[in-house]
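# Chain and residue survey
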Amino acid sequence: MRIHNVHRLATQRLADSTKPFKARGGRLIRCYYCMLGKQFCICEHQPLVKSTAGFMLVMFDYEMIKPSNTGRLIADVIEDTFAYQWSRTEPNQEMIDIINQDCWQPFIIFPEEYVVERERVQTGPLIIEPGKRPLYILLDGSWREAKKMFKKSPWLEDIPVISFDPDVVSQYQIRKAAKDNQLATAEVASLVLGHHGETRNADILACWFDVFRERYLAGTKQIDVGVDAALKRLHTLTV
């Protein structure tokens, strides 16, 4: 299993906390890395793909240590995934420096309906400048928190926005979104990879999300995972 930036951020957040964080299902003995119950741990199955894309997770407070978070699934699959805690007044300087690096061309992934400056929204095929790689920035939190981060982050104001209008209803059953077409963070990243042209990587991430979702729901109900259908599909994609 590969230790990645979301794991490191979670470790730092726990170290900085002045009081213990109590997640739902607090009596469950969890794996420190995938945050599932130990009997449902998926770490040994963690896939890793080669991608020309990078992701940056800007995470609302405590999001990185919530067992229901799906942002960590992106970091499981895509090696170039950065993770930082959001701050309205003191954005992480390392995060800003990465966004401004010449090797990256940053885009924010966010619903068009919340973007006031319509000219920021990218339409048509995505054009990447020579010598650059796309860096897709995801605001990871509840929808209320994500909207707050989008509106109150001046350092994001000049970055183009990519918006999706998915025709599929979210499969995320762990936390209820305000609208049926509001997707989990990992689901959004899968759409991004497909838009980027990496359909196999998109399928692997989507399947990894299914593995997590099935195991999470099994853990909350303390039931056998049964046929483990999602994990079997993942193995067929990664052989």
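Throughout what follows, the structure given in this document is the object of discussion. (Residues numbered from 1 in each chain as written. Predicted model: local features only at pLDDT ≥ 70, side-chain atom pairs only at ≥ 80, totals over all residues. Heavy atoms only, no water.)

## Focus: unusual backbone geometry
Phi angles above zero are rare outside glycine, and Met 35 is one such case at about 70°. Along the polypeptide, Met 35 turns up in the loop between helix H1 (5-16) and strand E1 (54-59). Of note in the backbone geometry, Tyr 62 takes a positive phi value of approximately 75° without being a glycine. Secondary-structure assignment places Tyr 62 in the loop between E1 and helix H2 (71-77). (Helix = DSSP H or I, 4+ residues; strand = E, 2+ residues; numbered from the N terminus.)

## Some thoughts on a positive patch on the surface
A contiguous patch of positive charge, built from Arg 88, Arg 144, Lys 148, Lys 151 and Lys 152, is present on the exposed surface. Looking at the element boundaries, Lys 152 is found in the loop between helix H4 (143-151) and strand E5 (161-162). For Lys 152, a relative accessible area of 42% corresponds to the partly exposed category. (Patch = residues over 30% accessible without salt bridge, like charges linked within 9 Å, V, L, I, M, F, W, Y side chains within 5 Å. Areas by Shrake-Rupley, 256 points an atom, 1.4 Å probe, with all protein chains shown as cover. Salt bridge = Lys/Arg side-chain N within 4 Å of Asp/Glu carboxyl O. Lys, Arg positive; Asp, Glu negative; His and termini not counted. Charge placed at Lys NZ, Arg CZ, Asp CG, Glu CD. Buried < 20%, exposed > 50% of the residue type's maximum accessible area, 1.4 Å probe, protein only.)

## So, the sheet that holds strand E4 (residues 133-140)
With respect to topology, five strands assemble into an open sheet ordered E2-E1-E4-E3-E5, the strand pairing being parallel. Bordering the open sheet on either side are strand E2 (81-85) and E5, each of which pairs with just one other strand. As paired strands, E1 and E2 are joined by five bridges and run parallel to one another. Residue pairing in the sheet places Met 59 in a bridge with Gln 85 of E2. Lying over the sheet, H1 contacts E1 and E2, oriented at roughly 20° with respect to E2. Docked against the sheet, helix H5 (residues 185-195) engages E1, strand E3 (104-109) and E4, running at close to 160° with respect to E4. (Pairing = 2+ DSSP bridges. Contact = heavy atoms within 4.5 Å. Axes fitted to C-alpha atoms, helices over the stretch in contact; angles between N-to-C directions.)

## Side note on the packing of H5 against helix H6 (residues 199-221)
Contact geometry of H5 with H6 gives a least axis separation of 7 Å together with a crossing angle of 170°. Judged by the angle between their axes, H5 and H6 are roughly antiparallel. Between H5 and H6 lies a crossing of left-handed hand. Between H5 and H6, the contacting residues are Ala 186, Glu 187, Ala 189, Ser 190, Leu 193 and Gly 194 on the first element and Thr 199, Asn 201, Ala 202, Leu 205, Ala 206 and Phe 209 on the second. Looking at the contact of H5 with H6 residue by residue, the class counts come to seven nonpolar, four polar and one charged. (Parallel < 35°, antiparallel > 145°, perpendicular 65-115°, else oblique. Left-handed = near helix turned anticlockwise from the far one by under 90°. Nonpolar A, V, L, I, M, F, W, Y, C, P; charged D, E, K, R; others polar.)

## Topic: the packing of aromatic side chains
Summed over the entire model, instances satisfying the criterion amount to eight aromatic pairs. Considering the side-chain rings of Tyr 32 and Tyr 33, the 5.3 Å spacing of their centres and the 85° angle between planes classify their relative orientation as edge-to-face. Tyr 33 sits in the partly exposed class, given a relative accessible area of 30%. With a centroid separation of 5.7 Å and 15° between ring planes, the pair formed by Phe 60 and Trp 86 is classed as stacked. Taken together, the residues Phe 60 in the loop between E1 and H2 and Trp 86 in the loop between E2 and helix H3 (93-99) connect sequence positions 26 residues apart. Given the relative accessible area of 15%, Phe 60 is considered buried. Members of the aromatic cluster, joined through ring pairs, are Phe 55, Phe 107 and Tyr 136. Stacked on the ring of Tyr 62, the Lys or Arg Arg 13 has its end atom at 4.3 Å from the ring centre. (Phe/Tyr/Trp six-rings, centres within 6.5 Å; stacked < 30°, edge-to-face > 60°. Lys NZ or Arg CZ within 6 Å of the ring centre and 35° of its normal.)

## Section: the packing of H6 against helix H7 (residues 229-238)
Where H6 contacts H7, the two axes come as close as 8 Å, and the packing angle between them is 155°. Between H6 and H7, the angle is such that the two are roughly antiparallel. Both H6 and H7 take part in a crossing whose hand is left-handed. From H6, Arg 200, Asp 203, Ile 204, Cys 207, Trp 208, Asp 210, Val 211, Glu 214 and Arg 215 reach across to H7, where they touch Ala 229, Ala 230, Leu 231, Arg 233, Leu 234, Leu 237 and Thr 238. Of the residues assigned to the contact of H6 with H7, the class counts are nine nonpolar, one polar and six charged.

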